[in-house]
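# Observations on the three-dimensional arrangement
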Amino acid sequence: MSFLVGEELTGGYGGPDILQGCAIAAERGEITVVVGPNGAGKSTAMRALFGMLNLRSGTVHLDGEDITALAPQARAHKGMGFVPQTDNVFRSMTVQENLEMGAFVRDDDISETLDEVYGLFPALKDKRRQPAGELSGGQRQQVAIGRALMNRPRALMLDEPSAGVSPIVTRELFERIVDIARSGVAVLIVEQNARQALELADKGYVLVQGRNRFTGTGETLLGNPEVRKSFLGG
Amino acid sequence: MEDVVNAVVLVTNFLVVPATAYGCQLALGALGVTLVYGVLRFSNFAHGEIMAFGAMVTILVTWLLQSWGVGFGPLPTALLALPAGMAVTAGLCLLMDRWVFRFYRRSKAPPVMLLVVSVGLMFVINGLIRFVIGPADRVFTDGTRFLLTVREFKALTGLSEGLAIKTTQTLSVVVAVVLVAALFWFLERTRTGKSMRAFSDNEDLALLSGVSPEKVVAVTWLIVGALAAVAGTLYGLDKSFKPFTFLSLLLPIFAAAIVGGLGNPLGAIVGGFVVAFSEVFLTYPYRKFLAYLGPEDWRPDGLVQFLSTDYKFAVSFVILVVVLLVKPTGVFSGKSS
Amino acid sequence: MSDFPATLSARAGGMLRAPRKSALFAAMAALICLVGVAQSWSLALAILNLCLISAIMTLGVNIQWGYAGLFNAGVMGFAALGGLAGVLVSMPPVRPAWQAGGAGVVLALAAALVTIVAAVLVHRRIRQRGYRKLAVALVVVAGCFAARALFDPAVRAIEAVDPSVTGYLGGFGLPIVFSWFVGGALAAGAAWGAGKISLGLRADYLAIATLGISEIIVAFLKYEEWLSRGVKNVFGLPRPVPYEVDLQNAVWFQEWAATLGVSQVDLSSIVVKLCYAALFALVLVVLMWLSEAALRAPWGRMMRAIRDNETAAEAMGKDVTARHLQVFVLGSAVIGIAGAMLATLDGQFTPTTYHPLRFTFLIWVMVIVGGSGNNWGAVLGGFVVWYFWVEAEPMGLWLMDFITSPLAPDNPVRSHLMESAAHMRLVVMGLVLLLVLRFAPRGLIPEERR
Ligand SMILES: Nc1ncnc2c1ncn2[C@@H]1O[C@H](COP(=O)(O)OP(=O)(O)OP(=O)(O)O)[C@@H](O)[C@H]1O
Ligand SMILES: [Mg+2]
């Protein structure tokens, strides 16, 4: 069994089911990418994996343990990190405080991790005392990812980390994400830039209307003519 | 020249000193409202009554202490009783949350439902207060009444205008400064305080960072209860304790919180002073003041009062309306879009 | 905001069976008759009349809360405006007061109006920011001083005219029934102002704004003696129904009392109250019919759609703020009508009686208990809650007496409890509100699914 697994995920926001039995799995040290059209339920699936959605059925396992019934903060304790698509920083708090909040569940010394994160995103170090709400889109995204890393997650979920970020910064961001994955974290990314993301991916999912449509390695999906036609613009 | 000094002393005595004390009391009240709004996301209409409840407990304990012959020298005995009032009121807030608010929070009811519920609580608490202590006016200050009397001031300076500073006014300022400093230290420097700010800023993100909502909410209520008890007691010491007045205090308190931006603690403090100073300055008759400044032997005809004191609540309302029209998120941009 | 609680549960509940409604109203009628038998018929009718007025007020709040989910914390103020209308419409004008200061007051009002117009014009004309605000502020301050200069002497003159009896401008000397319309209009105007400022912002702002407006209205009525004598009160508002004395002096009435074998005093009081009851019932029926028609019309369906999902309604192109303003003004007008009717029934206008506990809060308990969103529920809630509010006093005293009976009559605990029993009413009503909201949010007669 993979490290982080969601199976038969079914549920929504009180109305019709947005997720209709989709399954997603991520392996440690690998990058798993979820792509799909707008409104497919990608973000909803992420929320479901983190326990922020009332699932009607389906299970979530982490490292073989059933965590379906756990509240989000308990999942944070278990070593999961999540960067939501929107509102992913504490705007009124400084960059440093955002990072500290990321380490909220840790009781040990966090200065080392803090240095690591600043090493990963050097731009943030100069802006330590600035409220995160005043940063540019790209820097804010870095704060959001940094916040999630502060917990030293074993599984990291990123919902459209490249949204609102320039192409150059995106490329840099993806490089960092590869580094993170190579350090042994299970990375799960939802991406709008499907082609670029699938190039990095060890495994990819194409989600359509809350269901898995295609699954495979990044390469096979990129090579699949149907996927190319419908989701990668030819 | 002496006339000008007299005029300044007059304004200080009748306007600046009382408005500062009142501003401190309002600021403490508005802080409670704004904290509840920031963390629990509803306007707590029961806040005035929570303040009254805190004052009542303090009064009861004060009476008990007095009956034992315990005093606090020149300071009011109520100051000794205050910690008990804060503790009991914090307890009341926790109970309210446990028995009433938690249900709606968990069922994700819209904020206006919580508001209606808080109105229900407001009347329960109001009834309880009147049941326990009665609707009458209570004066419970003791100790030295004045830090500086008019006579002392005149003897000291030789001016014809006097300046008096009541012990309770000084106390309002000192206690408020100490509490606010402690609160900000807590919010800015401690882990729990930061998690409270984080929760208020972005609830979802705080949850997935591992913040426990129940703990944040409980800590918030503890602080709100303690602050409310202090605010109510200081107001009661400075004026007098009458259960009804706290209902009417609700308007200036909300005005203060909204001026500063609901959910923003610093804004609440500034808002408290804005409301207090406007209220006092706009309802003061400036006749004597102008007489000092004008030519010899001249006095204005009327009282030169912008608004009769009967309308002091109208001042908070007008401030509220102006803020809502010009900048609905408050001067310090709260979270109220 | 898709989870307005009453609707959720109404959806689960489905159609309400009509028999329950009838049974509840029949039980209510029986309760009132019980008072008639056990205490007195005159008292029963007095309760009935206030029940009718409460029901109308509740209908108004239900229009705001039940149809649209708007929280009005200022019922008191709108009801007080209705009472003011009673004075302004029905009392005879005080000519000496008009001569002394009428012109001044009118001029002052005109000056205030000119100021507002000027401020608006200046605001439109001047384009530079900052400069513009300064200019508007200057115009407003200057206008205030001008208006005050005209107003103050006029007011002093008016209030000096025979202050123990009049000292105010008086009214228009028209039949008091007109005041019901005027009261509605006054309340609607105030509601328009409050709504214009606070609707479209967060839901809480409306509550705070209405709280403020109602406090200010009541303060205004207490202190502006030139208008309605303030705390000196206005007594002897003309009645729309005969006076007891006139009845007792009429020969046909004396004969009627004799044939019935009851005392003339009792019969006259009952007849007068019945007349009031008939008038009030007529108003209630008309308003009820209008409300039900509105709720069934496409307008009602749209209001509910907005209430249940504001975002979706907005996405479908509905102007939510404008609809909210509309429904808020309508509801407040109904409250104003009820306020005017109350002053009519009391025959006097006493600003100090407008207390938020009695008006704002009690009306809310009525709506919630009755069943928000359902007009029949609101009316029933008005009846039930008013009935128990009135009857709670003797019941509470009796209960306290019973509980403390083991204690000696002069025991301090006992006397404190007996004295404070009246305050328990508040606690009980607050608890009723909380318990109903929590355990039976649909109320006695739940909203129907249409
Ligand atoms: N909080 C919510 N409440 C109700 N419905 C929601 C909510 N969030 C999303 N939805 C609905 O769920 C569906 C899936 O949304 P989701 O955000 O999961 O899509 P997505 O695949 O992430 O799209 P995108 O590429 O735009 O981010 C959409 O139809 C959306 O309208
Ligand atoms: Mg998404």
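The structure under discussion appears in the preceding block.
Values in this document were obtained by computation on a predicted structure and should not be read as measured data.

On a plain count of helices and strands, chain C comes out with 18 helices and two strands. Along the first, second and third principal axes, the C-alpha set of chain C runs to 75 × 60 × 55 Å. The contacts of chain C with a sequence gap of at least 6 include a subset with a gap of at least 24, amounting to 82%. Put simply, chain C shows about 20000 Å² of open surface, and 69% of that area lies on carbon and sulfur atoms. The centroid of the 33 positive side-chain charges in chain C is displaced by 13 Å from the centroid of its 25 negative side-chain charges.

So, on to the pairing of strand 1 (residues 4-12) of chain A. All names here are of chain A. Counting buried residues in strand 1 gives seven out of nine residues, a clear majority hidden from the surface. Looking at chain direction, strand 1 and strand 2 (residues 17-26) are connected through seven bridges and run antiparallel. Residue pairing for strand 2: Gly12 is matched across the bridge by Asp17. Where strand 1 folds back on strand 2, the antiparallel hairpin that results is connected by four residues, among which Gly14 adopts a positive phi of roughly 105°. Pairing between strand 1 and strand 4 (residues 55-62): six bridges, direction antiparallel.

Ser43 of chain A (OG) and Gln85 of chain A (OE1) make up the full set of protein donors to the magnesium ion (ligand 2), lying at 1.9 to 2.1 Å. Residue Ser43 of chain A is located in helix 1 (residues 42-49), and its partner Gln85 of chain A is located in the loop between strand 6 (80-83) and helix 3 (95-102); the two are separated by 42 residues in the primary sequence.

This brings us to the arrangement of the chains. In this assembly, two pairs of chains are in contact, and the pair contributing the most contacts is chains B and C. Spatially, chain A and chain C are disjoint, and the shortest separation between their C-alpha atoms is 10 Å.

Contacts between the two partners involve 18 residues from chain B, matched on the other side by 25 residues from chain A. In total, chain B and chain A occlude about 1800 Å² of area from one another, counting both sides; carbon and sulfur atoms represent 57% of this. A per-residue breakdown of the area chain B buries against chain A is headed by Arg191, Leu205 and Leu208 of chain B, which together make up 33% of the total. For the interface between chain B and chain A, the tally reads three salt bridges. Among the elements that take part in the side of chain B that touches chain A, helix 7 (residues 191-201) of chain B stands out by supplying six residues, more than any other. The class makeup of the residues in the side of chain B that touches chain A is seven nonpolar, five polar and six charged.

In this assembly, 53 residues from chain B lie in contact with 49 residues from chain C. A buried area of about 4400 Å², summed over both sides, lies between chain B and chain C, and 77% of it is on carbon and sulfur atoms. Between the two partners, chain B and chain C, sit zero salt bridges. Contributions of two or more residues to the side of chain B that touches chain C are made by helix 3 (78-106), helix 4 (111-133), helix 10 (245-259) and helix 13 (312-326) of chain B. If you tally residues by element for the side of chain B that touches chain C, the top one is helix 4 of chain B, at 17 residues. Partitioned by chemical class, the residues of the side of chain B that touches chain C number 41 nonpolar, eight polar and four charged.

Next up on the list: the site of ligand 1. All names here are of chain A. Contacts to ligand 1 come from 13 residues, most closely from Asn38, Gly39, Lys42, Ser43 and Thr44. In the model, an oxygen atom of ligand 1 is placed 2.6 Å from a nitrogen or oxygen of the Ser43 side chain. A distance of 3.4 Å separates an oxygen atom of ligand 1 from a polar atom in the side chain of Glu160. Looking at which element gives the most residues to the shell around ligand 1, the answer is helix 1, with three residues. Residue composition of the shell around ligand 1, grouped by class: four nonpolar, seven polar and two charged.

Take the nonpolar core next. If you look at the biggest cluster of nonpolar residues, it comprises 274 residues, and the most contacted ones within it are Leu4 of chain A together with Phe45, Trp221 and Phe241 of chain B. Ranked by the residues each element gives to this core, the list is headed by helix 1 (residues 2-40) of chain B, at 18 residues. Taken together, domain 1 (5-93 + 170-439) and domain 2 (94-169) of chain C each give at least three residues to this core, which thus spans both. Not counting residues within four places of it along the chain, the set of residues in contact with Leu4 of chain A comprises Ile24, Ala25, Ala26, Leu49, Val60, His61, Leu62, Met80, Ala155, Met157 and Leu188 of chain A. Counting 45 residues, the second-largest nonpolar core is a separate cluster that includes Ile31, Ile110, Leu156 and Ala197 of chain A.

Residue and element names in this part refer to chain A. In spatial order, the strands read 6-7-8-3-9-10; together these six strands make up an open sheet with mixed pairing. Looking at strand neighbours, the two that pair on one side only are strand 6 and strand 10 (211-216), the edges of this open sheet. In this sheet, adjacent strand axes meet at a mean angle of 15° when their direction is disregarded. Where strand 3 (residues 31-35) and strand 9 (residues 203-208) come together, four bridges link them in parallel fashion. When the bridges of strand 9 are listed, Thr32 appears paired with Lys203. In this fold helix 6 (residues 137-149) packs onto strand 6 and strand 7 (155-159), with an angle of close to 170° to the strand it touches most, strand 6.

Right, let's get into a nonpolar patch on the surface. Residue and element names in this part refer to chain C. A surface patch of nonpolar side chains, amounting to about 610 Å² of accessible area, comprises Phe172, Leu174, Phe178, Phe181, Val182 and Leu186. In this structure, Val182 sits in helix 7 (residues 178-198). You can call Val182 partly exposed: its relative accessible area is 33%.

Spacing of three or four residues puts side chains on the same side of an α-helix, whose turn is 3.6 residues. Residue and element names in this part refer to chain A. The end-to-end C-alpha distance of helix 7 (residues 167-182), which contains 16 residues, comes to 23 Å, matching closely the 22 Å that a straight helix rising 1.5 Å per residue would cover. Along helix 7, the residues classified as buried are Thr170, Leu173, Phe174, Ile177, Val178, Ile180 and Ala181. Down the axis of helix 7, the buried set is contained in an arc of 155°. They therefore lie on one face. Residues of helix 7 that are buried make contact with strand 3, helix 4 (111-120), helix 6, strand 7, strand 8 (186-190) and helix 8 (194-200).

Before going further, it helps to spend a moment on empty space enclosed by the protein. Under the defined criterion, the tally for this structure stands at three cavities of 30 Å³ or more. For the largest cavity, the calculated volume is near 130 Å³. Lining the largest cavity are 15 residues; nearest its centre among them are Met122 of chain B together with Ala73, Leu211, Pro356 and Thr360 of chain C. Elements that contribute at least two residues to the lining of the largest cavity include exactly helix 4 of chain B together with helix 8 (203-223) and helix 16 (357-370) of chain C.

A separate point is the state of the cysteines. Scanning the entire structure with this criterion turns up zero disulfides over all chains. Cysteine Cys275 of chain C shares no disulfide, and the gap to the nearest cysteine sulfur, in Cys33 of chain C, comes to 19 Å.

Quick look at unusual backbone geometry now. At Arg41 of chain B, a position not held by glycine, the phi torsion is positive, near 65°. Along the chain, Arg41 of chain B turns up in the loop between helix 1 and helix 2 (47-67). Residues other than glycine seldom take positive phi values, yet Asp162 of chain C does so here, at roughly 45°. One can find Asp162 of chain C in the loop between helix 6 (131-160) and helix 7. Overall, Asp162 of chain C belongs to the partly exposed group, its relative accessible area being 43%.

Between side chains of opposite charge, a pair can form when the charged atoms approach closely. Tallying each qualifying case throughout the model produces 23 salt bridges over all chains. Between Arg106 of chain A and Asp108 of chain A there is a salt bridge, and its shortest N-O distance comes to 3.1 Å. Judged by its relative accessible area of 39%, Asp108 of chain A falls in the partly exposed class. For Asp179 of chain A, the salt bridge goes to Arg176 of chain A, with nearest N and O atoms at 3.9 Å. Of this pair, Asp179 of chain A and Arg176 of chain A are both found in helix 7, three residues apart, which corresponds to roughly one turn of the helix. Classification of Asp179 of chain A as partly exposed rests on a relative accessible area of 42%. A single salt-bridge network, built from bridges that share partners, covers Asp97, Arg105, Arg106 and Glu214 of chain B.

Within the secondary structure layout, Thr168 of chain B lies in helix 6 (residues 167-189). According to the relative accessible area criterion, Thr168 of chain B is buried, its value standing at 7%.

What follows is about the sheet that holds strand 5 (residues 65-66) of chain A. Residue and element names in this part refer to chain A. Read from one edge of the open sheet, four strands run 2-1-4-5, paired in antiparallel fashion. Of all the strands in the sheet, the pair left with one neighbour each is strand 2 and strand 5. Against the sheet, helix 1 contacts strand 1, strand 2 and strand 4, and its axis sits at roughly 65° relative to strand 2.

What counts, and at which threshold
- Residues numbered from 1 in each chain as written.
- Chains lettered and ligands numbered in written order.
- Predicted model: local features only at pLDDT ≥ 70, side-chain atom pairs only at ≥ 80, totals over all residues.
- Heavy atoms only, no water.
- Helix = DSSP H or I, 4+ residues; strand = E, 2+ residues; numbered from the N terminus.
- Contact = heavy atoms within 4.5 Å.
- Areas by Shrake-Rupley, 256 points an atom, 1.4 Å probe, with all protein chains shown as cover.
- Lys, Arg positive; Asp, Glu negative; His and termini not counted.
- Charge placed at Lys NZ, Arg CZ, Asp CG, Glu CD.
- Buried < 20%, exposed > 50% of the residue type's maximum accessible area, 1.4 Å probe, protein only.
- Pairing = 2+ DSSP bridges.
- Donors = N, O, S within 2.8 Å, 3.2 Å for Na, K, Ca; no water.
- Buried area = accessible area lost by both parts, 1.4 Å probe.
- Salt bridge = Lys/Arg side-chain N within 4 Å of Asp/Glu carboxyl O.
- Nonpolar A, V, L, I, M, F, W, Y, C, P; charged D, E, K, R; others polar.
- Near = heavy atom within 4 Å.
- Polar contact = N/O pair within 3.5 Å; in protein donor to acceptor, adjacent residues only side chain to side chain.
- Core = buried A, V, L, I, M, F, W, Y, C linked by side-chain atoms within 4.5 Å.
- Domains from an automatic or database assignment.
- Axes fitted to C-alpha atoms, helices over the stretch in contact; angles between N-to-C directions.
- Patch = residues over 30% accessible without salt bridge, like charges linked within 9 Å, V, L, I, M, F, W, Y side chains within 5 Å.
- Expected span 1.5 Å × (residues − 1).
- Arc of directions from axis to C-beta.
- 1 Å grid on protein atoms, 1.4 Å probe; cavity = no way out; pocket = protein on both sides within 12 Å on 5 of 7 lines; lining within 4 Å.
- Points joined across faces, edges and corners; volume = space filled by probe spheres on them.
- Disulfide = S-S within 2.5 Å.

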